[in-house]
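The primary structure of each chain is shown beneath.
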Amino acid sequence: QVQLVESGGGLVQPGGSLRLSCAASGSIFSINVLGWYRQVPGKQRELVAAITSGGFTNYADSVKGRFTISRDNGKNTVLLQMNSLKPEDTAVYYCNALLVITGSSSSRAYWGQGTQVTVSS
């Protein structure tokens, strides 16, 4: 019923930039929170950044000042602009949406398929 499709990952040199995009589609009534998480092998998935429908943002300490999250409520999309990338930013990045589907009264979380970001020289 709901799909989250990510794009924009790839290989970049340290200090470079990438922009991730995620589009949500399907029977969506409202999206409360959109966010990006990342995961490396052997570690738990961690929050990178999130943004509410009202525009309130939250960032992991490790990305503050380097990453910027934004959303287009009309298009149900969320962007993650990543600047000054470091090798430790290498991970699979997942889009996450806390949303209410049409006909439902409760919200639940949905995940994208993930996109690889590799920061290496």
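Heads up: the structure comes first, above all this text.
A short tour of the structure in this document, coming up. (Residues numbered from 1 in each chain as written. Predicted model: local features only at pLDDT ≥ 70, side-chain atom pairs only at ≥ 80, totals over all residues. Heavy atoms only, no water.)

### Things to note about the packing of aromatic side chains
Centre-to-centre distance and the angle between the planes together describe a pair of aromatic rings.
Turning to step 1, where the next piece is worked out: Considering all chains together, one arrives at one aromatic pair under this definition.
Turning to step 2, where the next piece is worked out: When the centroid spacing of 5.0 Å and the interplanar angle of 70° are considered together, the rings of Y37 and W111 count as edge-to-face. Taken together, the residues span a long stretch of sequence, with Y37 in strand β4 (residues 28-39) and W111 in strand β10 (residues 108-111) at a distance of 74 residues.
Turning to step 3, where the next piece is worked out: Residue classification places W111 among the partly exposed positions, given a relative accessible area of 38%.
Turning to step 4, where the next piece is worked out: Above the ring of Y94, the side-chain terminus of R45 is found at 3.7 Å from the ring centroid. (Phe/Tyr/Trp six-rings, centres within 6.5 Å; stacked < 30°, edge-to-face > 60°. Helix = DSSP H or I, 4+ residues; strand = E, 2+ residues; numbered from the N terminus. Buried < 20%, exposed > 50% of the residue type's maximum accessible area, 1.4 Å probe, protein only. Lys NZ or Arg CZ within 6 Å of the ring centre and 35° of its normal.)

### Some points on the nonpolar core
Turning to step 1, where the next piece is worked out: Core analysis: the biggest nonpolar cluster contains 32 residues, and W36, L80, M82 and Y93 have the highest contact counts within it.
Turning to step 2, where the next piece is worked out: If you list the elements that add at least two residues to this core, you get β1 (2-7), β3 (18-26), β4, β5 (46-52), β7 (67-72), β8 (77-82), β9 (91-101) and β11 (115-119).
Turning to step 3, where the next piece is worked out: Ranked by residues supplied to this core, first place goes to β9 with six residues. (Core = buried A, V, L, I, M, F, W, Y, C linked by side-chain atoms within 4.5 Å.)

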